[in-house]
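Report on the structure
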Amino acid sequence: MDQALLTEVFTRLADGFVTTLEIFALTLLIALPLGLIMSFGSMSKFLPLKYAVRFLVWVVRGSPLMIQLILVFYGPGLLGQWALDLVANGNTNAVIIWLSNIGVMERFVAVIIAFSVNYACYFSEIYRGGIESIPKGQYEAGQVLGMTKTQVFFKVVLMQVVKRIIPPMSNEIITLVKDTSLARVIAVYELIWAGETFIKLKGIIWPLIATAIFYLAFSGLLTFVFGKIEKKLDYYKT
Amino acid sequence: MSVLEVKDLKKSFGKTDVLKGVSFNLEKGEVLSIIGSSGSGKTTILRCINQLETPDSGFISVGGEVFFDGNLEKENTKERRRKQLLVGLVFQDFHLFPQYNVLKNVTLAAELLAKERADYKQNKKAIHDEIIEKAKAILGKVGLSEKLTNYPCELSGGQKQRVSIARALMLEPEVLFFDEPTSALDPELTGEILKVIKSLAEENMTMVIVTHEMSFAKAVSSKVIFMDNGVIEEEGTPEEVFDNPKSQRTKEFISKFSD
């Protein structure tokens, strides 16, 4: 095997891998806190909020991420175009005029929005399960010790929730590593695309197989990290 | 003036009337035991006074502060928290914070309260040290000086309950409430808890104890209430209630424990 080909394959795969990593990291950065906020929404005593959040979770979890990616990418642009046509035909409605300014979505931005919302929905359900599994007595103990609700949540409940949700969260996060490959449906050049290029370009398939090694190594690393965290939280039992 | 006043307290859950008008007073330094069969409303009284349940009607005051007077208008949370510190509650199932060691379980609430003090920023270190020292002293008193760095999961039931008593004492409540403090313990462990409560009684701590330990209630209390079906069936000194019960229901209940 010649050196030049190896270098080219490696460079391209590394290129794709960087994008994969970016999608992964940014999605987590947004979806982890967004999911927590959504979980509060889905447990809210204010029923319209609760049902709105649960409806969103149902729709997002119930439909393919691939469709969501396509809709987020094409949707705004098509909406803008539709409004623009109306304006061209003499429509002077302020909302329509405002809508007509919407341009085509940046591909990478669309990917991050779709992934973040999708994963936030899954995370919110994991958080909700974790929070609801904490015995009422913990809240009551905090209350009779004069703590505020915020203090009870952050000082008493949160750490116990974290311990309980580590296994399901690591599941989702490892799934996210592989889901990043869906970004290619709106032409974001990620790892698998990089590998597949060589089938079309050079008629060789091993670079595509090599991408699997990246995924394996990465999820291996995550498994290791989560194992460490679990071990670290092992000093107490709930 | 009584340190604790409860007047015509009523509470129902759905269609079940759990408290049907309960009234009693407690003077400073008194120890009140509330006895009665399960479902008679004992625990609900404690939960109402400790603001864990909102009564339907009646009146509750602790240390001269009105906790509840039938007015369901929402009190601001700051007021509510300030009053909350006048009472302390020891739960049947301890409810310790599993992720913190024994010392931190006892200091946590005090540390959080200290942060609200105006002089906290200047005297951070001194305040912190003071809290630690106080907690260590209280834990010493309940016999847990050796367990400061242990986690709740490493303790026996009796030790856990002593931590939870220390945790409540740390905030120096006017009245300390115990909700069946030995019911979740193995019989051989109840003695250590009863000893702690007895020593608190000797220091004139005002306490209300819901319990099934009749001989203990008799020995430690200055006043006993027998609850039956949501009302106070009989009340008086331990001698009156245990040795010369007037009501038939009380007689039947006491006799079940006398063998």
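Right, let's talk about helix α2 (residues 47–62) of chain A for a bit. Residue and element names in this part refer to chain A. With 16 residues, α2 extends 22 Å between its outermost C-alpha atoms, agreeing within 8% with the 22 Å of an ideal straight helix rising 1.5 Å per residue. If you check which residues of α2 are buried, you get Lys50, Val53, Val57 and Val60. Each buried residue of α2 sits inside an arc of 110° when the element is viewed along its axis, so together they form one side. Exposed residues lying more than 90 degrees from the buried face of α2 are Pro48, Phe55, Trp58 and Gly62. On its buried face, α2 is in contact with α1 (3–42), α3 (65–88) and α5 (107–132).

Our next topic: the pattern of salt bridges. The final tally for this structure, using the stated rule, is 22 salt bridges over all chains. Linking Lys202 of chain A and Glu8 of chain A is a salt bridge whose minimum nitrogen-to-oxygen distance equals 2.7 Å. Of this pair, Lys202 of chain A sits in helix α8 (residues 191–202) while Glu8 of chain A is found in helix α1, placing the two residues 194 residues apart along the sequence. We classify Lys202 of chain A as partly exposed; its relative accessible area is 42%. Notably, a salt bridge pairs Lys200 of chain A with Glu196 of chain A, separated by 3.9 Å at the nearest N-O pair. In this pair, Lys200 of chain A and Glu196 of chain A both sit in helix α8, 4 residues apart, roughly one turn of the helix. You can call Lys200 of chain A exposed: its relative accessible area is 60%. The structure contains a network of salt bridges with shared partners spanning Lys136 and Glu140 of chain A together with Arg47 and Glu53 of chain B.

All names here are of chain B. An order of β2-β1-β4-β5 is seen for the 4 strands of this open sheet, with the pairing classed as antiparallel. Strands at the two margins of the open sheet, each flanked by one partner only, are β2 (16–26) and β5 (65–68). Put simply, the sheet's adjacent strands are angled 25° from each other on average, direction ignored. With 5 bridges connecting them, strand β1 (residues 4–13) and strand β4 (residues 57–62) associate as antiparallel partners.

Formed by 137 residues in total, the largest nonpolar core has its most connected members in Leu4, Phe24, Ile49 and Met207 of chain B. Sorting elements by how many residues they give to this core places α5 of chain A first, with 12 residues. Residues within four places of Ile49 of chain B in sequence aside, it is in contact with Leu4, Val6, Phe24, Ile60, Val62, Phe67, Val87 and Phe177 of chain B. Ranked by size, the runner-up nonpolar core spans 9 residues in total, among them Ala217, Val224, Val241 and Phe253 of chain B.

Turning to the interface of chain A and chain B, a few remarks are in order. Each partner contributes residues to the interface: chain A has 21 residues there, and chain B has 26 residues. Across the interface of chain A and chain B, roughly 2,100 Å² is buried in total on both sides, 62% from carbon and sulfur atoms. Summed over the three residues of chain A that lose the most area to chain B, namely Val144, Leu145 and Lys155 of chain A, the buried surface amounts to 30% of that side. Our enumeration of links across chain A and chain B arrives at 1 salt bridge. Linking Arg47 of chain B and Glu140 of chain A is a salt bridge whose minimum nitrogen-to-oxygen distance equals 2.6 Å. At the junction of chain A with chain B, the criterion picks out 10 residue pairs in polar contact (both at pLDDT 80 or more).

On to the packing of aromatic side chains, then. Evaluated as defined, the whole model comprises 14 aromatic pairs over all chains. Centre to centre, the rings of Phe115 of chain A and Tyr119 of chain A are 6.5 Å apart; their planes meet at 5°, and the pair counts as stacked. Taken together, the positions of Phe115 of chain A and Tyr119 of chain A, both in helix α5 and 4 residues apart, correspond to about one turn of that helix. By relative accessible area, which is 1% here, Tyr119 of chain A ends up buried. Across from the ring centre of Phe59 of chain B, 4.7 Å away, lies the NZ or CZ of Lys7 of chain B, which sits over that ring. We note Arg167 of chain B situated over the ring of Phe97 of chain B; from NZ or CZ to the ring centre the distance is 4.7 Å.

With that settled, consider the confidence of the model for chain B. Looking at chain B, pLDDT values average 91 and 98% of them are 70 or higher. Across the interface, the model reports ipTM at 0.92; the global pTM reads 0.85.

Calculation notes
Residues numbered from 1 in each chain as written. Chains lettered and ligands numbered in written order. Predicted model: local features only at pLDDT ≥ 70, side-chain atom pairs only at ≥ 80, totals over all residues. Heavy atoms only, no water. Helix = DSSP H or I, 4+ residues; strand = E, 2+ residues; numbered from the N terminus. Expected span 1.5 Å × (residues − 1). Buried < 20%, exposed > 50% of the residue type's maximum accessible area, 1.4 Å probe, protein only. Arc of directions from axis to C-beta. Contact = heavy atoms within 4.5 Å. Salt bridge = Lys/Arg side-chain N within 4 Å of Asp/Glu carboxyl O. Pairing = 2+ DSSP bridges. Axes fitted to C-alpha atoms, helices over the stretch in contact; angles between N-to-C directions. Core = buried A, V, L, I, M, F, W, Y, C linked by side-chain atoms within 4.5 Å. Buried area = accessible area lost by both parts, 1.4 Å probe. Polar contact = N/O pair within 3.5 Å; in protein donor to acceptor, adjacent residues only side chain to side chain. Phe/Tyr/Trp six-rings, centres within 6.5 Å; stacked < 30°, edge-to-face > 60°. Lys NZ or Arg CZ within 6 Å of the ring centre and 35° of its normal. pLDDT = per-residue confidence, 0-100.

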